[in-house]
Amino acid sequence: MKRFLARQVAQLMVGLFGAALFAVALSAVTEPRPRSLPAYLLAVLDRLTHLSHGDLGHSAISGLPVVAELFQHLPPTLLLLAAGAAVALAAGLPIGILFAFGSLRRAAAPIMQIVTATPVFCAGLALAFGASEILHWPVGLASRTGLAASPEEALRLAALPIATVGLAGAAAVQLALRRAATRTAAASFRGGLKRLGLSSVEIEAFYVLPQIFAGLIASAGEIALALVSAAVVAEWVFHRDGAADLFVKSVALADWNMTAVILFAVAALTIVASFLGRVLGFLLVREQMP
Amino acid sequence: MTESGPLLELAGVSLMRGGETILDRVSFRLAAGEKLVVLGEAGAGKDALLRILGGFTAHNDTISGTIRYAGGPPVAASSRHRAALRVAYLPNPLSRPLAPGSVLKQLTRVVARKLRAPFGSAREDLRLALEQLPGGVTLAMLDTTPENLDPLTQALGLLACACAQTPDLLLAHTAVADLGPRAVKLLLEALDAAQKRLGFALIFATGGLQPAARLGGRVLVLRGGRVVEEGSAERLMSGHAHAYTRRLFEALPKLKTGVPKPRGAVRGQPLLQVHNLAFGGESAGRDGLTFELRRGASLALVGEPGSGREALMRLVVGFEPAPKGCILFDAVDLNVLSPVMAARIRRRIAFITGRDDTLDPRMTLYDTVDEPLRAHLNLSSELVAGYRDTALKRVGLASHDGKRRVATLSAFDKRRLQVARAIVGAPLLVVIDEALSGLDAHAQAILREVLVDFRTNQDPTFLVVTSDFTIAQALAEDAMVFEAGKLVERGSIAHLVHAPKHDATKALIEAVTLPSLDLSPGSASD
Amino acid sequence: MSRNTPVLGNVLRGVGWFGLALLLITMFLSDFLAHAPAGAEFPGIELSAPSEVHPFGTDMLGRDVLSETLHGLAETGRLAMWAAFFAIVLGGLFGAVAARLPRPLALALRGLFGILGAIPPLLLAIVIVGLTGHFFVAVAAGIGAAPLGFVRAFDRVDLHSPHADYAIATGIPGLSLLQRDLTYDFRHVLGAVVARALAAVTIIVSTASFLGFGAEPPARDLGLIIAAAKINHFTAWWTAIFPGLALILFILCARLAAGLEEGESA
C-alpha cells in the first residue's frame, strides 16, 4: 500500500519534472533558430536562469508575459474540458456499462468501431451542420462571432464545442470500461461464486462492477488525453477563444515560448489526472491495476 | 424431506457439449448421509456430473436422463431444473473461486443467500461452523482479500461456509488437491467429522486417490464419461476390481518403511556446495546451513508449503541473492560472475516444476525443446531435431504436433514438455519443484516413471522440493525436513521413514501413510 | 460467450483488410480514376451541386470534388503509411526491444516516453511540424503516435514473468528472450499492429492537416480539403461530406482490420 503510493508519487514528480524540462527545451528554440548545438544549449541555460528568477518569458506575438496570456486563455478551455468530461461521463458510462457485459459487448463492438472511427473534426463539423440546418442555431464557423448577445445565445454557442469534446471523451470512457470488462471477463471468481450459490446479478453488481469502475478511474489519464485533443480541435472548429486555440496559433506563428507553457500545462493536466486515477483506482479495489 | 427412499437417484443422465459426449448415461443412487467418491482423471466427466447436480450448467450443454430427489417423482435433468434439496458446494481454494475483497463478506453473502437469512444471522452461522472445525480459524482472520490467505485457511473458510448452510447434499470438487499432505489430512478429517455431525450426503469428485482411501465410503470410477465401476473403497483397493481401477490404485505411491539397506557412499565431484547459508527471514541471525551435493547424488527438501524449502531452493539456484553465506555451483560462485559467464554455467541447471507458467505459453512445442540447444550450442538443424525427437519420445510427446503452442497443451503435457526440455540440456543439476502437483493419479504415475527413467539414464543430480515423502522416496536418497523456516531433520530417506525423530517428519510421513491401504497386497512393505 | 462471435470477428477483420486493399488500389490509380489532375480549376462552375458531369459537385474554386477527394485520399494514404511506419518502428518495435535492454537504460527510456505520452499525440505532432516544416508531416505524426505505442509495447513485455525467470536461471541469455518477444509477439500481432497504427496516425495526420499543419502545398490531403470546405459547408455540403466520408471509410477499414477488440486488450 505505502510502497504503491510512494511509487506513484515518485512517478508523478518525475513526470512533472520531465515535462518541465521538455517545455524549457522547447522554449529555448527562438527565432532565428540557434545554429549549433552549443548555441542551443546556451539558450537552454539562459532560459533556466530566467526561469529561476520566476520569469517565464514573453509571448512573441502579443508581447505579454506568457503566464498572463495563459491565465487569460486557460479558464474557457478548462471550463470546456470540465463540461466535456461531464458529457463524456454522462454519455460514456451508460453506453460503456451496457456494452461491457457478456454477449452485448461482442455484438456492440463493430458498431462502436464505426462510431469511433470518425475523427473529432469531422464529428464537430457534422454537429455544426446538424445544429445549423435542423435546430437553426447561429453557428459561427466562418469567422469569430464575438461576444454573444444574450446568455441563451452564449449557451448555444458553447453547446457545440462541449458536445464535440464530450463525444470524444465518451468514446474514451466506453473504451476504458470495455477494456476493464474484458479483463474481468475471464476471472475465475465469476464461475466460483456462481457455483457457491450467488446469482449472476449479485456477482456482477458486487464483485465485477467495482473492478470495472476501478479500471475506468485508472485510465483517467487516457481520457484526459482524448479530451485535450478534442478541445484543440473543437476550439479551432468553433472559433472559441481558449488555450487550445492559442496553442495552434502559437505553433503556426513560431511562438515557442507560449507553445512550451501551454504544452507543459496540458502535460501536467494529464500526468496529474493519471496519477489521481491510478491512486483512486487502487484504493477502490485495493489491487494494483496493470 | 421424506425419510423413505434414496436422497438422490440418477437414471441415465448424459451431458453433451458441441456434439461431444461428456457424460454418458450415468446412473446411481445416494442415500441420505452417504458418502460417494467420484474418481476419475481429468476429462472423465466429474465436473459435468457436479454441474448437473449443482444446477450450474453452461447454456450449450445438452442434458438428458432423469433425477429423483428424496423419493419424489423423477424429473428430467436439464439445465433449467433446480434440485429439490439444499445443495452446498465446496471448491478448491487454488481454483480461486473468490473475488478480490473480503473473504468473510463473500462467504457470509453465500450463506445468507442459501439460507435466505439476514446477514447478521448468516455471519453467526458461519462463526459457529468455524468453531466446529479444527485449525482455529476465526471470522476476523477471514476478513481480508483471498490473496492474503493461505490455501488451508481459505479451504477451512469454504468448508465452514458449506457446513453453515446445513445442506442435504455437499458437492466437493477436487477440494483438497495440491494443498500439501498435512492440509489434505486435516481437511479430509474435518470433512468426515462434519459429515457425521451434520448428516449430509457427500459427493466428492477427485482425481487423486488420497480422498478415496481416506474418506472410505462408496467409490464411483468414471472414465471418458462412463461409470467403469462402483463399489466400496475397500473392495476397489483389494485386487478384485476392474483392470482400469486396479491400475489406478497400483499407481498410488506407497511409502517403503522397511529397514533401510546399507548403501555405498556417493562418489563424484561436489556439484553444489552450500556453506553457512542463512535463509528464511527470521532465521537470518542463526547459524547458517551447510551441505554438499555431489554429482549423481540426490537430495529432497521436504516440508509443507511455506516451511522454507522453496526459499532455500530459490537461494541455492540463484533466483534471489543470498543475504549471507556462500553457494558454489561446480566450484563457482554464480553471483560474482558476469551475466554472460553465469549463463554459460547455468545452462547445466534444469527445472521441472509444478507451475505451468514456467514455459513460455507463446512458444511452440518444438521451439520449447530446441531453445536450450540453440541458445548454447552451434548445432545443425538435423542434429537439433534429432536430440529433440529423442527427448520427446522419452517423455511420450513424440506423437504431438510440434507446431502446437504451449498455451494449448494440457497440464500433463506441459509437465512432460518441461522434462523434455530438461533432457536435451544434459543438465548436471535438475531441480524438481512439486512437479506432480495438479495432476490426476494416472498422470502422476506416468510422470514419476519418466523422472525416474531420466535419472537412471542420464544420472544428473536431483534436487527435489516436495511435501510428499512418497515422491521424495521415489526420486531421491537423502532428505532435509523443514518446518517453519528451519531445518529440523536430515538424513537418508530410508532412515527417516523407518525411524523419524522430529514431530514434523512424523507428521509428514503419517500424512501419506494410508491405514486402509495396508489391507491391500501391493502395499506390503518390503 | 456464444460460439459464432470469433467468426464474426474474423469476417469483419477480413472485410477491413479487403477494404484497405481496395482503397490502396484506388490510391495507386487515383491519377487514372480522377477526371481532372490535382488542383485543376474549372472557372465558371464554382460550387455546383452534384451532377452527372461532376458526381460529387465542385468546390468554391471550381475544382471537381470527386477528383480532389481521390487525390486527397492518395495523399492522406501516402502520409499515413509513412507515419504508421515511423510509429511502429519508434513505438512498438523500439518499445519491445527497449524493455529487454539493461535495466537503468530501459527505465530511463520508459520514463522519457512516458512523459512524451502525457502530451496528446496531436499536439506533439503539431509542434514537430511547426519546428521542422511541412515536409516532415508523416514523420511528425509517426513520432506523435510513437510514445503511446512504445509504452504499450514496453509494458506488454513481462520482464518478471515466471517463464523469463526460469529461462534466465537455466542460462538462456537475454538475447534469446528478446528473440522470443520478436518472433512470437510481434509476428503474431503484426497485422493488427499495422492496422491499428494506420488508423491512429490517419486521424493525427488529417486532424493536423485540418488545423493547417498538413501536407506540403500544393499537395492537398483530405484534412486540408475538409478545412477549405469548412467555410461554405452549410450551403455547399458536398464539398465537405465526400472527402469526410472517404476519410472515415479509410479509418474504419483500418480499425476493422485491427480486430474488434482493438484497444480492449491493452
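These numbers come from a predicted model, not from an experiment.

A. Expanded view of the interface of chain C and chain B. On the side of chain B, 27 residues touch chain C, which itself brings 18 residues to the contact. Across the interface of chain C and chain B, roughly 1900 Å² is buried in total on both sides, 56% from carbon and sulfur atoms. Contact with chain B buries surface across chain C, with His163, Tyr166 and Tyr184 of chain C losing the most and accounting together for 35% of the total. On inspection of chain C and its partner chain B, the count reaches 3 residue pairs in polar contact (both at pLDDT 80 or more). Counting only elements with at least two residues in the side of chain C that touches chain B, the list comes to helix H7 (162–169) and helix H8 (174–210) of chain C.

B. Fine view of empty space enclosed by the protein. Residues and elements named next belong to chain B. Under the counting rule described, the total for this entry stands at 3 cavities of 30 Å³ or more. Of the volumes computed, that of the largest cavity is approximately 80 Å³. Around the largest cavity, the lining comprises 15 residues; the ones closest to its centre are Leu315, Val316, Ile327, Leu334 and Asn335. If you list the elements that add at least two residues to the lining of the largest cavity, you get helix H10 (309–316) and strand E14 (326–329). Looking at the lining of the largest cavity element by element, the count peaks at 3 residues for E14. Taken together, the residues that form the lining of the largest cavity break down as 10 nonpolar, 2 polar and 3 charged. Lining the second largest cavity we find Leu90, Pro91, Ala155, Leu159, Ala175, Val176, Leu187 and Leu191.

C. Spotlight on the packing of helix H5 (residues 120–133) of chain A against helix H9 (residues 220–237) of chain A. Residues and elements named next belong to chain A. It is at 9 Å that the axes of H5 and H9 come closest, and there the two elements cross at 40°. As far as their axial angle goes, H9 and H5 are oblique. For the crossing formed where H5 meets H9, the hand is right-handed. Residues Val120, Phe121 and Leu125 of H5 form the contact with H9, whose own contacting residues are Ala230, Val233 and Val237. Here the contact of H5 with H9 is composed, by residue class, of 6 nonpolar, no polar and no charged.

D. Representation of the environment of isoleucine 423 of chain B within the structure. Residues and elements named next belong to chain B. Following the sequence through the fold, isoleucine 423 ends up in helix H14 (residues 411–424). In this structure isoleucine 423 comes out as buried when scored by relative accessible area, which is 8%. A C-alpha to C-alpha distance of 7.4 Å links isoleucine 423 and phenylalanine 454, two positions 31 residues apart in sequence. Contact partners of isoleucine 423, with chain neighbours within four places excluded, come to Ala391, Arg394, Val395, Phe454 and Gln458.

Calculation rules
- Residues numbered from 1 in each chain as written.
- Chains lettered and ligands numbered in written order.
- Predicted model: local features only at pLDDT ≥ 70, side-chain atom pairs only at ≥ 80, totals over all residues.
- Heavy atoms only, no water.
- Contact = heavy atoms within 4.5 Å.
- Buried area = accessible area lost by both parts, 1.4 Å probe.
- Polar contact = N/O pair within 3.5 Å; in protein donor to acceptor, adjacent residues only side chain to side chain.
- Helix = DSSP H or I, 4+ residues; strand = E, 2+ residues; numbered from the N terminus.
- 1 Å grid on protein atoms, 1.4 Å probe; cavity = no way out; pocket = protein on both sides within 12 Å on 5 of 7 lines; lining within 4 Å.
- Points joined across faces, edges and corners; volume = space filled by probe spheres on them.
- Nonpolar A, V, L, I, M, F, W, Y, C, P; charged D, E, K, R; others polar.
- Axes fitted to C-alpha atoms, helices over the stretch in contact; angles between N-to-C directions.
- Parallel < 35°, antiparallel > 145°, perpendicular 65-115°, else oblique.
- Left-handed = near helix turned anticlockwise from the far one by under 90°.
- Buried < 20%, exposed > 50% of the residue type's maximum accessible area, 1.4 Å probe, protein only.

On their own, these measurements won't tell you what the molecule is for.
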